[in-house]
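These are the residues of each chain, in order.
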Amino acid sequence: MDVKQQVAQQRAELEVAVKRALDMASKKADAAEVAITKTTGISVATRMCEVESVEFNSDGALGITVYRGQRKGSASTSDLSEKAIAETVEAALDIANYTSEDPFSGPAPAELMAYEYPDLDLFYPDEPEPDHAAEKAIAAERAALEYDERIKFSDGASYDSHYGVRVYGNSHGMLGSYASSRHSISCSVIAEDSKGMERDYSYTVARDKSELWTPEKVGIEAAKRTIMRIEPQRMKTCQVPVMFAADVATGLLGHLVMGISGSNLYRKSSFLLDKLGHQILPEWFSVYERPHLLKGMASAPFDSEGVVTKDLDIIKGGELQTYLATSYAARKLGMQPTGHAGGIHNWFVGNTGQSFEQMLKELGTGVLVTELMGQGVNIVTGDYSRGAAGFWVENGEIKYPVSEFTIAGNLADMYKQIVAVGADTEFRSQIQTGSILIESMKIGGE
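Residues numbered from 1 in each chain as written. Predicted model: local features only at pLDDT ≥ 70, side-chain atom pairs only at ≥ 80, totals over all residues. Heavy atoms only, no water.

Structural notes on the nonpolar core
Logical step 1: F244 and W347 are the most contacted members of the largest nonpolar core, which has 57 residues in total.
Logical step 2: Sort the elements by how many residues they give to this core and helix α5 (residues 246–259) lands first, with 6 residues.
Logical step 3: Those residues in contact with W347 that sit more than four places away from it in its chain are L253, L256, V257, I260, V287, Y288, E289, I314, L324, Q430, I431 and Q432. (Core = buried A, V, L, I, M, F, W, Y, C linked by side-chain atoms within 4.5 Å. Buried < 20%, exposed > 50% of the residue type's maximum accessible area, 1.4 Å probe, protein only. Helix = DSSP H or I, 4+ residues; strand = E, 2+ residues; numbered from the N terminus. Contact = heavy atoms within 4.5 Å.)

Have a look at this one:
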């Protein structure tokens, strides 16, 4: 029996276990939800071309949530025998007797359930031998170490291959499942010269291992990035245009996700409170979500509450079109759930057409940020202050690396001051954006 056949059999068995738990719970509770994600895979880590660790995993617990009136109880078990499931249902029911009533609790509305859903082509399983996985990681390290004599050390490489099955059901009659896979190679190296040491990394990730970069490409990319950082200079305190490289610009928009998250909004702890329908970005700026993208790294036919996922405009004409709400947050906010229990699904940011080089020309003289450090972002106020590293740019050309500086501003102002989004899209993230140029930010240096 090959892997796909094994997983198909496992999927059927997990669906039976979920249905059994639902049947048991529904006899004694007003409503119930049951879910399990079973994951299997291998992770091999190497350092200096020697195997450092090999980890196999095959895990997943059945989570059961019951509702008695407006009281909620949850329990879980990794034992899927009928006896263990019955005991877990009883445990959840018992817990519900002691919890406080919450008028906003309960499953998502029945009319939003994904009773029918598409196959999103997310399942390309593999079962690599540890030696084969180690060879991939070591090949990335070797390519990096051989790229330049200044690459003195490897800070580690890894090869990861996982696949799993997600099953969800509830007392509305929803019972859905899908299988998915994820493979990745990463490599981090250290360069050294007379003035010190610098580190950088690269990685590749895909649903289908045949779509991964070669290990050699990952290693060479890590080496190139590291060599460029050698002999960084310190900056003077100033206020200049700042360009976020595409792979860090994803994080800049990650703060938008937090700002429009229902849980932050109903707690009134977001700088974007009461901004629905308002312009929060330039008029040309757009973000749209496509959860049913075939092979998409953040694709899902339904969210973790069984709510059907669908195409959405998040930002259109610079205006905020929707909040991101679970069923609980939606009830608190007086709106419908949006299918985001468990996270977002493939965000695409519209660009203004410039290549990376053209973005540098538009930047003119300022800072290209390629790394951010620290957690200096306050989602409540939007205040933003983070350690950074990158490159000083003059007349549209990179002059030298810079490090040990901070960039500061307020997210609400930063979003409005975006002047361009590059066509150099970062495809490895659930937020796909090009580099982002901000008109002006405070740089804290010497």
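Some remarks on the sheet that holds strand β17 (residues 431–432)
Logical step 1: An order of β11-β10-β9-β12-β17 is seen for the 5 strands of this open sheet, with the pairing classed as mixed. Strand pairing shows two members of the sheet lacking a second neighbour, β11 (319–320) and β17, which therefore form its edges.
Logical step 2: As judged from the 2 bridges shared by strand β12 (residues 347–349) and β17, these two strands associate in the parallel manner. Considered in β17, the bridge of F348 is made with Q432. (Pairing = 2+ DSSP bridges.)

Some words on the layout of surface pockets
Logical step 1: Of the voids in this model, the largest pocket is the one considered here, and its volume is about 630 Å³.
Logical step 2: In terms of lining, the largest pocket is formed by 24 residues, of which the most central are E221, R225, A245, D247 and F356.
Logical step 3: Looking at the lining of the largest pocket, the elements that each hand over two or more residues are β7 (196–206), α4 (215–228), α5 and β13 (366–373).
Logical step 4: By residue number, the principal contributor to the lining of the largest pocket is α4, which donates 5 residues.
Logical step 5: Taken together, the residues of the lining of the largest pocket sort by class into 11 nonpolar, 3 polar and 10 charged.
Logical step 6: Built from parts of two domains, the lining of the largest pocket gets at least three residues from each of domain 1 (3–228) and domain 2 (234–444). (1 Å grid on protein atoms, 1.4 Å probe; cavity = no way out; pocket = protein on both sides within 12 Å on 5 of 7 lines; lining within 4 Å. Points joined across faces, edges and corners; volume = space filled by probe spheres on them. Nonpolar A, V, L, I, M, F, W, Y, C, P; charged D, E, K, R; others polar. Domains from an automatic or database assignment.)

Observations regarding the UniProt feature "domain: Metalloprotease TldD/E C-terminal" (unreviewed entry) in the protein chain
Logical step 1: Those residues carrying the UniProt feature "domain: Metalloprotease TldD/E C-terminal" (unreviewed entry) are residues 237–445 in this numbering.
Logical step 2: As annotated, residues 237–445 has a helix share of 19% and a strand share of 33%, and its two end C-alpha atoms lie 4 Å apart. (UniProt positions renumbered as here; feature names shortened; annotations may be inferred.)

Side note on empty space enclosed by the protein
Logical step 1: The tally for this structure, following the rule as stated, stands at 1 cavity of 30 Å³ or more.
Logical step 2: The calculated volume of the largest cavity comes to roughly 40 Å³.
Logical step 3: If you go around the largest cavity, the residues you meet are E198, R229, P232, T370, A389, G390, P401, V402 and S403.
Logical step 4: Among the elements of the structure, β14 (383–394) and β15 (397–410) are those that each provide at least two residues to the lining of the largest cavity.
Logical step 5: Per element, the largest residue contribution to the lining of the largest cavity is 3 residues, and it comes from β15.

Considerations on the side chain of T250
Logical step 1: Structurally, T250 is set in helix α5.
Logical step 2: There is a polar contact of 3.2 Å between the side chain of T250 and the backbone oxygen of D247.
Logical step 3: Aside from chain neighbours lying at most four places away, what touches T250 is E426, S429, I431 and T433. (Polar contact = N/O pair within 3.5 Å; in protein donor to acceptor, adjacent residues only side chain to side chain.)

Remarks on unusual backbone geometry
Logical step 1: Even without a glycine there, the phi angle at D121 is positive, about 60°.
Logical step 2: Relative to the helices and strands, D121 resides in the loop between α2 (82–96) and α3 (130–147).
Logical step 3: Judged by relative accessible area, which is 29%, D121 ranks as partly exposed.
Logical step 4: If you check the backbone angles, E404 has positive phi at about 55° while not being a glycine.
Logical step 5: Topologically, E404 is positioned in strand β15.

Structural notes on the packing of helix α1 (residues 3–28) against α2
Each packed pair of helices is defined by two parameters, the angle between the axes and the distance between the axes.
Logical step 1: It is the contact of α1 with α2, at a shortest axis distance of 10 Å, that shows an interaxial angle of 40°. Judged by the angle between their axes, α1 and α2 are oblique. Judged by the twist between their axes, the crossing of α1 over α2 is right-handed. In contact with A17, R20, A21, M24, A25 and K28 of α1, α2 contributes E82, I85, A86, V89, E90 and L93.
Logical step 2: Considered class by class, the residues forming the contact of α1 with α2 number 8 nonpolar, no polar and 4 charged. (Axes fitted to C-alpha atoms, helices over the stretch in contact; angles between N-to-C directions. Parallel < 35°, antiparallel > 145°, perpendicular 65-115°, else oblique. Left-handed = near helix turned anticlockwise from the far one by under 90°.)

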